[in-house]
Amino acid sequence: MTFETLVDESRKLKLDDLETFIDILKNAAREKRRRAIAARGRRAIADCKAGKCLEGIDNLMKAVGYAEN
């Protein structure tokens with residue numbers, strides 16, 4: 001189903017059903033964002049355990065090129 005078809009079909013819904021559909025979509029979007037954040041967190045933890053992280057602000061500043069020489 002295309003986005004356009006979905007929008008067209010949603011316009012046919014009764015108001016209560018449309019509001020319920022909107023709530024379902026908002027909840028799905030929130031959960032998708034949460035899963036993405038959690039996945040990034042898991043990757044960050046794995047990278048840190050693998051020694052691919054920087055500890056301390058001085059090391060971070062050197063890595064991004066802002067440290068004084």
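In this text the structure is predicted, and so the values were computed from the model without any measurement.

Reading guide: rules and limits
- Residues numbered from 1 in each chain as written.
- Predicted model: local features only at pLDDT ≥ 70, side-chain atom pairs only at ≥ 80, totals over all residues.
- Heavy atoms only, no water.
- Helix = DSSP H or I, 4+ residues; strand = E, 2+ residues; numbered from the N terminus.
- Buried < 20%, exposed > 50% of the residue type's maximum accessible area, 1.4 Å probe, protein only.
- Contact = heavy atoms within 4.5 Å.
- Salt bridge = Lys/Arg side-chain N within 4 Å of Asp/Glu carboxyl O.
- Expected span 1.5 Å × (residues − 1).

Asks: I'd like a rundown of the side chain of S10, residues and numbers included.
Replies: Counting through the fold element by element, S10 comes out in helix α1 (residues 3–10). On the basis of relative accessible area, S10 is assigned to the buried category, the value being 14%. Leaving out residues up to four positions away in the same chain, S10 has contacts with L18 and F21.

Asks: Please give an account of the pattern of salt bridges that cites residues and values.
Replies: Here the structure, examined in full by the defined rule, presents three salt bridges. We note a salt bridge from D8 to R11, for which the minimum N-O separation is 3.4 Å. Residues K12 and E9 are paired through a salt bridge, measuring 2.9 Å at the closest nitrogen-oxygen approach. Judged by relative accessible area, which is 37%, E9 ranks as partly exposed.

Asks: With reference to specific residues and values, describe helix α2 (residues 15–49).
Replies: Over its 35 residues, α2 extends 51 Å from the first C-alpha to the last, a length consistent with the 51 Å expected when each residue adds 1.5 Å. Once α2 ends, the next one or two residues include G51, with phi positive near 80°.

On their own, these measurements won't tell you what the molecule is for.
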